[in-house]
Amino acid sequence: MADELELLGSANPFTADGPVYGDGPLDHHAERRLNQLLHERRTGRRRLLWSLVAGVAVVATVFTLLLSGPSSTPAVAAPRPLVVQAHSTPVSLKQLAALAAAVAVDGTPVLRKGTHVQSWSLGMSDDKPPVTIPEERIVRWNADDSHTERVVEDGHVLKETTYPPSWSDVPPDARPPHDVAGLRAYLQETAYSKTPLTTPELLSVVGELLDHWTLGARESAALARLLAGADGLRPVGEVIDRLGRRGEAYVYRQPGSRLMLIMDPATGAVLGMESTFTKDQPEYGVKAGDVMDYSAWTR
């Protein structure tokens, strides 16, 4: 709560040298800080999941606050972790990036604002077993900058909300660039970081980007080149994701968890991400191999 109050304070549109009771728009700095607060609830879950170096206990506490309680989605069977296909030959990220660059020459498909994502998130509670909370979210933007967000479960629309026109030049709402240097700076700004992003941080903020935009061929090619330079992200072979798509898997291991990135072998686009426990945590009711988080993006 203290952090949220600090963010609200720093987003105050009134400056020290401005009119005391001025009624004007937020400046760029204030808008950026306010945008951070507004997105924190939506993206904080992924940032925690992809930053397990902070400790599983912290994850458990935050999940209890955010994902448990009477309003939570009913429990469903937890997904099994993705398995690398036997005898598949790993493809390096540099190879995949080169393929993505070749595919992107004609510029199709094009970048589109909005997303279609299916995700699963492990929720923890002090007095109940862990449950997996599924969500399918479809966001479509219109020419007048209004947009509709639809939440689907088992093929049925649970909620559909239309939002009035809005616009922001702050990442991740701002249009992402399709060159590596520009995209790196964009993701750094999205993460609100002044230092180079670690690989878990980079994967987290890539997920945040894909929750806002459906990348075009050129943006996917730039992202593939950027990911090819990430430390510790190793090719492991082919997987079949939960939507039945063939993908190349790249894994980053850190204490207690395995982070997996799944990319389209034909285009170099990111198909999904998964994080799993690699150690039993009996105090939280989880075992090695349990899926903590998974997202699958489609056009």
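Scope of this entry: the structure provided in the associated data block. (Residues numbered from 1 in each chain as written. Predicted model: local features only at pLDDT ≥ 70, side-chain atom pairs only at ≥ 80, totals over all residues. Heavy atoms only, no water.)

1. Examining the pairing of strand E9 (residues 270-277)
Of all the eight residues making up E9, eight are buried; the element is thus mostly covered by neighbouring parts of the structure. Where strand E8 (residues 257-263) meets E9, seven bridges bridge the pair, whose relative direction is antiparallel. Residue pairing in the sheet places leucine 259 in a bridge with serine 275 of E9. Sheet topology places E9 next to strand E10 (residues 291-297); five bridges connect them, and they run antiparallel. Each residue of the ladder has a partner; that of serine 275, found in E10, is aspartate 293. (Buried < 20%, exposed > 50% of the residue type's maximum accessible area, 1.4 Å probe, protein only. Helix = DSSP H or I, 4+ residues; strand = E, 2+ residues; numbered from the N terminus. Pairing = 2+ DSSP bridges.)

2. Topic: the side chain of glutamate 248
With respect to the helices and strands, glutamate 248 occurs in strand E7 (residues 246-254). No salt bridge is formed by the buried glutamate 248; its nearest oppositely charged neighbour, arginine 246, is found at 4.6 Å. In this structure, glutamate 248 is in contact with Thr89, Pro90, Val91, Gly237, Glu238, Leu261, Ile262, Met263 and Pro265, ignoring residues within four places of it in sequence. (Lys, Arg positive; Asp, Glu negative; His and termini not counted. Salt bridge = Lys/Arg side-chain N within 4 Å of Asp/Glu carboxyl O. Contact = heavy atoms within 4.5 Å.)

3. Some points on unusual backbone geometry
A cis amide bond links threonine 108 to the next residue, proline 109, at an omega of 0°. Summarising the element assignment, proline 109 is placed in the loop between helix H4 (93-103) and strand E1 (112-123). The omega torsion of the bond from proline 171 to proline 172 falls at 5°, within 30 degrees of zero and hence cis. One can find proline 172 in the loop between strand E4 (156-163) and helix H5 (180-190). Phi angles above zero are rare outside glycine, and aspartate 145 is one such case at about 70°. Tracing the backbone shows aspartate 145 in the loop between strand E2 (131-141) and strand E3 (147-153). The backbone of tyrosine 192 shows a phi angle near 55°, a positive value even though the residue is not glycine.

4. Let's talk about the packing of H4 against helix H7 (residues 217-228)
As a packed pair, H4 and H7 sit with axes 8 Å apart at the nearest point and diverge in direction by 165°. Between H4 and H7, the angle falls in the class roughly antiparallel. Crossing hand, H4 versus H7: left-handed. In this structure, H4 uses Leu93, Lys94, Ala97, Ala100 and Ala101 to contact H7, whose residues at the interface are Ala221, Ala224, Arg225, Leu227 and Ala228. (Axes fitted to C-alpha atoms, helices over the stretch in contact; angles between N-to-C directions. Parallel < 35°, antiparallel > 145°, perpendicular 65-115°, else oblique. Left-handed = near helix turned anticlockwise from the far one by under 90°.)

5. Some points on the packing of aromatic side chains
Centre-to-centre distance and the angle between the planes together describe a pair of aromatic rings. Throughout the structure, instances matching the rule amount to one aromatic pair. Ring plane angle 50° and centroid distance 5.3 Å describe the contact between tryptophan 120 and tyrosine 294, whose orientation is recorded as tilted. Of this pair, tryptophan 120 sits in strand E1 while tyrosine 294 sits in strand E10, and the two are 174 residues apart along the sequence. Residue class for tryptophan 120 comes out buried when judged on its relative accessible area of 16%. Sitting over the face of the ring of tyrosine 294, arginine 242 holds its NZ or CZ atom 4.2 Å from the ring centroid. (Phe/Tyr/Trp six-rings, centres within 6.5 Å; stacked < 30°, edge-to-face > 60°. Lys NZ or Arg CZ within 6 Å of the ring centre and 35° of its normal.)

6. Quick look at the pairing of E4
Relative to E4, E3 runs antiparallel, the two sharing seven bridges. Note on E4: the bridge partner recorded for glutamate 153 is histidine 156. In sequence, E3 turns back onto E4 through a hairpin of two residues, with aspartate 154 there showing a positive phi of about 55°.

7. Here's the deal with the environment of arginine 234
Locating arginine 234 in the fold gives a position in strand E6 (residues 234-240). In this structure the C-alpha to C-alpha distance between arginine 234 and methionine 260, which are 26 residues apart in sequence, comes to 9.4 Å. Setting aside anything within four residues of it in sequence, one finds arginine 234 in contact with Ala249, Tyr250 and Val251.

8. Observations regarding H5
Among the residues of H5, those classed as buried are Val180, Leu183, Tyr186, Leu187, Gln188 and Thr190. Looking at the residues trailing H5, positive phi occurs at tyrosine 192, about 55°.

9. Re the nonpolar core
Leu187, Leu261 and Met263 are the most contacted members of the largest nonpolar core, which has 37 residues in total. Listing elements by their share of this core, those giving two or more residues are H4, H5, helix H6 (199-210), H7, E7, E8 and E9. Considering every element that reaches this core, the biggest residue donor is H7, with seven residues. Of all hydrophobic cores here, the second largest spans 11 residues; its members include Leu82, Val239, Val291 and Tyr294. (Core = buried A, V, L, I, M, F, W, Y, C linked by side-chain atoms within 4.5 Å.)

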